[in-house]
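# Understanding the architecture of this molecule
Below, each chain spelled out in residue letters.
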Amino acid sequence: MQTKDILLELRTQKGFTQDELAKKVFVTRQAVSRWESGETTPNTETLKLLSKVFDVSINTLLGSPQTRICQCCGMPLDDASMSREPDGAFNESYCKWCYTDGKFVYTSLDELTDFLVGHMSNENWPPEQARAFLETQLPKLKHWSKRNT
């Protein structure tokens, strides 16, 4: 879906007129009309406001152009699993299980690895194999790589 279609669908779902949405994000009704026709797209600051109004990530507003993964554990991210900042804004870098209330849950790579091995290993993927995989992949993620530099 394109941004224009997403904005129209979200506005309609919330029951807002173009004028009501415009007032919520401090633009004109004509600006909303141009977004919904595809003539223009909202600027970065307006996308942040729309994200809050519709309770979706900016990535969703833009039609999910990027596949995001948690930069702590590597889990794929969507709006339901994405963490939030204490003010309620989406944090598009981390899942809600690794980053909660403005704080990281796991204080060490070993702690996270132990947790993940316990939940990921099974009869087809033994703990040793899961641990070896995680020990090579997790340090590449932003959260852990910046700690090791």
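Below you will find a few notes about this structure. (Residues numbered from 1 in each chain as written. Predicted model: local features only at pLDDT ≥ 70, side-chain atom pairs only at ≥ 80, totals over all residues. Heavy atoms only, no water.)

### Describing the packing of aromatic side chains
In the structure shown here, the tally under the stated rule is six aromatic pairs. Note on tyrosine 94 and phenylalanine 104: the rings are 4.8 Å apart at their centroids and 85° apart in plane angle, and the pair reads as edge-to-face. With a gap of ten residues between them, tyrosine 94 in strand β2 (residues 90–95) and phenylalanine 104 in strand β4 (residues 103–104) connect regions that are remote in the sequence. A relative accessible area of 29% means that phenylalanine 104 is categorised as partly exposed. Within the aromatic cluster, the residues linked to one another by ring pairs are Tyr94, Tyr99 and Phe104. For the cation-ring pair, arginine 84 lies above phenylalanine 90, with the distance from its terminal atom to the ring centre recorded as 4.1 Å. (Phe/Tyr/Trp six-rings, centres within 6.5 Å; stacked < 30°, edge-to-face > 60°. Helix = DSSP H or I, 4+ residues; strand = E, 2+ residues; numbered from the N terminus. Buried < 20%, exposed > 50% of the residue type's maximum accessible area, 1.4 Å probe, protein only. Lys NZ or Arg CZ within 6 Å of the ring centre and 35° of its normal.)

### Here we look at the nonpolar core
The nonpolar side chains of a soluble globular protein tend to be buried with one another. With 19 residues, the main nonpolar core has Cys70, Cys72, Cys73, Cys98 and Leu112 as its most contacted residues. Dropping the residues within four chain positions of it, cysteine 98 is found in contact with Cys70, Cys72, Cys73, Lys103, Phe104, Val105 and Tyr106. One finds Val32, Trp35, Val56 and Leu61 within the second-largest nonpolar core, a separate group that totals 15 residues. (Core = buried A, V, L, I, M, F, W, Y, C linked by side-chain atoms within 4.5 Å. Contact = heavy atoms within 4.5 Å.)

### Considerations on helix α4 (residues 44–54)
For an α-helix, the turn length of 3.6 residues means that residues three or four places apart are oriented alike. Of the positions making up α4, those classed as buried are Thr46, Leu47, Leu50, Ser51 and Phe54. The arc that holds every buried residue of α4, seen down its axis, measures 150°, which confines them to one face. Along α4, exposed side chains directed more than 90 degrees from the buried face belong to Glu45 and Lys52. As for α4, its buried residues are in contact with α1 (3–14), α2 (18–24), α3 (29–37), α5 (58–61) and β2. At the N-terminal boundary of α4, the capping side chain belongs to asparagine 43, with an oxygen 3.1 Å from the backbone nitrogen of glutamate 45. Downstream of α4 by one or two residues, aspartate 55 has phi in the positive range, about 55°. (Arc of directions from axis to C-beta. Polar contact = N/O pair within 3.5 Å; in protein donor to acceptor, adjacent residues only side chain to side chain.)

### Regarding the packing of helix α6 (residues 109–120) against helix α7 (residues 127–137)
Closest axis-to-axis distance for the α6/α7 pair is 9 Å, and the angle between their directions is 135°. With respect to each other, α6 and α7 are oriented oblique. When the axes of α6 and α7 are compared, the crossing they make is right-handed. Here Thr113, Asp114, Leu116, Val117 and Met120 of α6 lie close against α7, whose contacting residues are Pro127, Ala130, Arg131, Leu134 and Glu135. Broken down by class, the residue content of the contact of α6 with α7 amounts to six nonpolar, one polar and three charged. (Axes fitted to C-alpha atoms, helices over the stretch in contact; angles between N-to-C directions. Parallel < 35°, antiparallel > 145°, perpendicular 65-115°, else oblique. Left-handed = near helix turned anticlockwise from the far one by under 90°. Nonpolar A, V, L, I, M, F, W, Y, C, P; charged D, E, K, R; others polar.)

### Some points on α3
Buried within α3 are the following residues: Ala31, Val32, Trp35 and Glu36. Angular distribution of buried residues about the axis of α3 spans 135°; they occupy a single face of the element. Just downstream of α3, glycine 38 is the residue with a positive phi angle, here 85°.

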